[in-house]
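Per-entry structural report
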Amino acid sequence: MKPKVYYFSATGNSLYVARQIVKNINGELIPIASQMNKNNIGINTDIVGIVFPVYYNRIPIIIEKFIKLLMQIEGKYLFAVCTYGGGPGESLQMIQQILIERGGKLSAAFGVHMNCAQLSRQFYRKFKVYSSLLFYSTLPTAAGSP
Ligand SMILES: Cc1cc2nc3c(=O)[nH]c(=O)nc-3n(C[C@H](O)[C@H](O)[C@H](O)COP(=O)(O)O)c2cc1C
């Protein structure tokens, strides 16, 4: 089974990042919006990514709802990538918390500084540097720090 990369993107930054990841890991790209009519989402692959923008230092509501639909996530390699203009805020910790409540956990978490949402498509296509890497060890786990 190919790795699955779920994304939500309003202005294209997170979509761009998700596409880069999918290209590099030979994964399957899935828009989160296309999943929101489901009652639950069974995960039948070992590697799952979630790519999203930071909103008000938090995760967008659609991301919270999406993660709460995920089933069979225990023991899977789950990674999250946030894109932002200023900083990741509490977004990755929020994802970790919800995943833990659902029996899973983040194996890796990354932040991508996109400068700002109003940048032109031509500019951010050239902006390929992942400017900050947020280590899993900085995130809370059910048992405290890993
Ligand atoms: C409603 C809204 C709230 C945002 N809040 C934050 C924030 O708190 N911190 C931050 O760094 N960027 C914030 N941003 C910027 C976005 O996170 C950033 O531009 C992101 O890359 C947009 O991703 P997208 O193009 O995939 O929608 C916000 C953008 C919007 C539209």
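A brief look at the structure comes next. (Residues numbered from 1 in each chain as written. Predicted model: local features only at pLDDT ≥ 70, side-chain atom pairs only at ≥ 80, totals over all residues. Heavy atoms only, no water.)

**Considering the pattern of salt bridges**
With the rule as written, the count across this model stands at one salt bridge. Here Glu-64 ties to Lys-68 by a salt bridge, and the two come within 3.1 Å at their closest N and O atoms. (Salt bridge = Lys/Arg side-chain N within 4 Å of Asp/Glu carboxyl O.)

**Description of the packing of aromatic side chains**
Under the counting rule described, the total for this entry stands at three aromatic pairs. Both rings, one in Tyr-6 and one in Phe-66, keep their centres 4.9 Å apart while their planes meet at 50°; by these two values the pair is tilted. Separated by 60 residues along the polypeptide, Tyr-6 in strand S1 (residues 4-7) and Phe-66 in helix H2 (residues 61-67) bring together distant segments of the chain. For the pair Tyr-6 and Phe-66, one class covers both residues: buried. Geometrically, the ring pair formed by Tyr-77 and Phe-79 is tilted, given 6.4 Å between the ring centres and 50° between the ring planes. (Phe/Tyr/Trp six-rings, centres within 6.5 Å; stacked < 30°, edge-to-face > 60°. Helix = DSSP H or I, 4+ residues; strand = E, 2+ residues; numbered from the N terminus. Buried < 20%, exposed > 50% of the residue type's maximum accessible area, 1.4 Å probe, protein only.)

**So, the nonpolar core**
Of all hydrophobic cores here, the largest spans 28 residues; its most connected members are Phe-52, Ile-63, Ile-67, Leu-70 and Ile-95. Every element with two or more residues in this core is listed here: strand S4 (47-53), H2, strand S6 (77-84), helix H3 (91-101) and strand S7 (106-113). Ranked by residue count, the leading element in this core is H3, at five residues. Once residues within four sequence positions are removed from consideration, Ile-67 is found in contact with Ile-50, Ile-95, Ile-98, Leu-99 and Arg-102. (Core = buried A, V, L, I, M, F, W, Y, C linked by side-chain atoms within 4.5 Å. Contact = heavy atoms within 4.5 Å.)

These figures capture arrangement, not role.
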